[in-house]
Every structure is written in structure tokens, then in C-alpha cells.
Amino acid sequence: MTCHVLIGGFFGDEGKGKIVSYLAIKDKASIVVRAGVGTNAGHTVEYKGKTYKLRQIPSGFVQENAKILIGPGVLVNPDVLRKEAEETGVGKRLKIDRQCAIIEEKHIEEDRSSSFLKGKIGSTGTGCGPCNAERAMRKVKLAKDIPELAEYITDVPLEVNTAIDEGKHVLIEGTQGTFLSLYHGTYPFVTSKDTTASQACADVGVGPTKVDEVFIVFKSFTTRVGGGELPGELTEEEAKRRGWFETATVTGRKRRAAPFNFELAKRAVMINGATQAAITKFDILFPECKGARSIDKLPEEGLSFIKRVEETIKIPVSLIGTGPGALDIIDLRSEKED
Ligand code: IMP
Ligand code: MG
């Protein structure tokens with residue numbers, strides 16, 4: 001049995017979509033199952049010349065024969081689900097759990113009209129917070145209550161655990177980042193649920209004894225959208241000068257930027273029980289390694305950066321992203337195996 005979990009190590013937007021799509025293909029996942037909050041997440045996948053911006057369905061859809069599932073812990077917006085199903089052409093491979101809670105228009109309105117959520121916290125305005133609140137009050141609608149979703153419904157925990165028991169490979173795709181967790185993040189500037197590896201497992205109905213590896217994804221620099229502290233935050237001008245200026249996938253807002261945070265990385269590894277790390281956008285720090293697929297293409301300075309990260313977080317950096325394409329990656333796992 002092999003079950004891998006992938007999680008964000010900072011404030012979301014670490015580049016999880018790219019790493020998930022790579023791992024799904026490379027490890028020939030039988031199932032890629034989405035954990036996390038809901039449509040507040042934005043994962044970008046570039047594959048075969050196309051760019052996909054996904055908020056609902058797993059980025060691992062690019063592994064062509066894999067089942068694409070959404071766990072019961074995840075909030076589903078039926079409009080977004082159908083739109084992305086069409087865009088990606090996943091067809092019957094896409095299924096959601098009968099107990100996924102449904103985001104309705106009223107949740108979106110409440111999120112967008114709240115001066116606290118939208119104004120102070122800087123929520124994505126996708127209705128996730130109000131929907132999770134209603135779920136906690138035991139009044140929310142579930143996927144099984146919506147006739148139009150009937151074609152998508154399955155028992156996700158049963159499918160996932162059966163696959164693991166049959167020795168198939170399952171990839172659990174987390175969303176957001178460790179420090180947006182309702183429990184472990186910079187409260188109140190956080191999302192409406194825990195976002196760590198244990199929660200990702202609970203979201204899809206997999207117990208901790210079934211997990212073999214926890215991949216934690218860090219970006220080469222940190223960014224965050226919305227309110228809350230960001231140690232070492234740069235001015236927009238300086239972020240632009242360094243090439244670190246980004247805008248958000250879901251809301252189009254400016255992302256605030258700061259250097260890689262070694263202390264937060266160390267804490268995130270601890271909280272998630274991470275076993276391997278991925279570092280994305282290495283080509284932004286070191287443009288000479290753009291598109292590289294082997295470690296000897298890294299400059300000396302890049303190698304010492306990786307070494308410093310590994311000495312701090314005490315787990316190996318096994319994947320280094322060198323460009324936006326799903327396959328632009330230095331995979332040190334395969335170098336070790338070969
Ligand atoms: P909410 O989850 O939409 O309520 O937003 C709460 C906070 O989490 C805001 O600061 C958002 O910008 C942030 N947030 C939620 N989801 C993501 C994500 O996927 N990436 C980055 N930030 C996020
Ligand atoms: Mg994102």
C-alpha cells in the first residue's frame with residue numbers, strides 16, 4: 001500500500017498544484033483525492049501547453065487514468081465543480097463524497113458582505129467560512145441532498161481505503177497552507193478549518209496508520225494574501241524588483257511577499273510530520289536553473305540554499321521546482337533510486 005499526503009508549508013500558494021500534478025503522473029497515482037477547505041483554494045497546473053486554474057477538482061487530474069475524488073470534508077460549489085469538470089474533460093473519473101457540504105449563494109453573499117471576513121480578515125469571498133459555520137451548526141446541505149449532483153456521488157473513504165489495501169497508489173491533495181490553519185495559523189487571520197496533514201487525512205477518511213509519506217511544499221520565498229503578519233514583508237516595489245510579485249489565482253489580489261522563512265518552515269515540518277519537502281519557483285531565485293531537471297544544473301548558491309533548508313528542517317528536500325510546467329522539476333527521489 002502507498003498513500004502520500006501533500007500539504008502547504010507556508011500561507012498557501014506555495015505551488016502545490018504543480019507538485020501534485022507532477023507526483024500524480026510520475027508515481028502513477030490510481031486515485032488523486034482532494035482534501036482542504038473548498039473553492040477558496042486556487043491551484044495552477046500547466047500541462048501539455050495548457051494552463052488550468054482549479055478551485056475545486058484535484059490538480060492530479062492530469063494523470064490520465066486516475067480517479068479524481070473529493071473527500072467529505074471538502075466544501076463543494078456545484079457551479080464551480082461542473083465548470084472545472086468541463087474545462088478539464090475528466091468525465092466519469094470525477095466523483096465527490098455524498099457528505100461533502102454544499103456552498104450556496106447565501107454563503108457567498110454573507111462572506112462578501114461581512115466587513116469582518118472580507119474587510120479585516122481578507123477572505124476570498126467564496127462562501128467557505130459561512131458554509132463551514134453552518135456545517136458546524138448541523139444545518140448545511142450535503143451533496144446527497146442535491147439531485148443534480150447524483151451522477152458524481154460515491155463513497156470516497158471506501159474507495160480510497162480499498163485502493164490502498166489493494167496496493168494501489170493514492171495521493172491526497174491538501175490545500176491552503178499550514179499557517180492559514182484555524183488551529184495552527186495566525187488566528188484570526190486564517191481560514192475556516194485546520195489545513196495540516198492530519199486534517200487532510202480526516203477530510204478524505206484515511207487514518208494516520210495508512211500514510212507512508214507527507215510531502216510539504218514551500219515556495220522559494222513566502223507570500224500571503226489577505227490580512228495577518230508576514231515576517232520580513234517587502235515593499236511592493238522591492239518584491240517587483242526581485243521578481244517575487246504575484247497576484248492571487250482566485251481573487252486576483254496582490255500577494256504580499258517576504259523572503260523564505262526558515263523558522264516557519266521548521267515549525268510546519270513539525271506540525272505536519274512531514275517526511276520530504278518540495279521547494280517551488282527555484283528558477284525565480286536562481287534564473288540560470290530555469291527548466292533544469294538535474295541537480296548539477298544548480299548554481300553553487302542554490303545548492304547552499306537547499307543545504308541550509310535541509311539543516312534547518314531536518315528532512316530531505318526531494319523535489320525542486322524549476323519552472324511552471326508540471327514536468328519542470330528536479331526529482332532527487334529518482335536520482336537516489338536509480
Ligand atoms: P477564506 O478561507 O476565504 O475565509 O479566507 C481567509 C484567509 O485565508 C484570507 O487571508 C485568504 O486570503 C486566505 N486563504 C484562503 N484560502 C487560500 C488559498 O488557497 N491560498 C492563499 N490564501 C488563502
Ligand atoms: Mg493558491
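This text gives an overview of the structure that appears in the document. (Residues numbered from 1 in each chain as written. Chains lettered and ligands numbered in written order. Predicted model: local features only at pLDDT ≥ 70, side-chain atom pairs only at ≥ 80, totals over all residues. Heavy atoms only, no water.)

What follows concerns the sheet that holds strand β11 (residues 246-247). Pairing within the open sheet is antiparallel, and its three strands lie in the order β10-β12-β11. The two strands at the open ends of the sheet, each matched to only one other strand, are β10 (221-224) and β11. (Pairing = 2+ DSSP bridges. Helix = DSSP H or I, 4+ residues; strand = E, 2+ residues; numbered from the N terminus.)

When you line up the elements, Gln199 lands in helix α7 (residues 197-204). Exposure remark for Gln199: the relative accessible area of 16% places this residue in the buried category. Note: C-alpha distance between Gln199 and Gly174 (25 residues apart in sequence) is 8.8 Å. Ignoring any residue separated from it by four or fewer positions in sequence, one finds Gln199 in contact with Lys193 and Asp194. (Buried < 20%, exposed > 50% of the residue type's maximum accessible area, 1.4 Å probe, protein only. Contact = heavy atoms within 4.5 Å.)

The geometry of helix α3 (residues 105-113) relative to helix α5 (residues 128-136) is characterised by a closest axis approach of 7 Å and an angle of 120 degrees between their N-to-C directions. Relative to α5, α3 is oriented oblique. When the axes of α3 and α5 are compared, the crossing they make is right-handed. Contacts between α3 and α5 involve Lys106, His107, Glu110 and Asp111 on the former and, on the latter, Cys128, Gly129, Pro130, Cys131 and Glu134. (Axes fitted to C-alpha atoms, helices over the stretch in contact; angles between N-to-C directions. Parallel < 35°, antiparallel > 145°, perpendicular 65-115°, else oblique. Left-handed = near helix turned anticlockwise from the far one by under 90°.)

Across the seven residues of strand β1 (residues 2-8), six count as buried, placing the element largely inside the fold. Where β1 meets strand β8 (residues 169-173), five bridges bridge the pair, whose relative direction is parallel. Bridge pairing in β8 places Leu6 opposite Glu173. In terms of strand pairing, β1 meets strand β9 (residues 213-219) through five bridges, oriented parallel. Its bridge partner being in β9, Gly8 is matched across the sheet by Val217.

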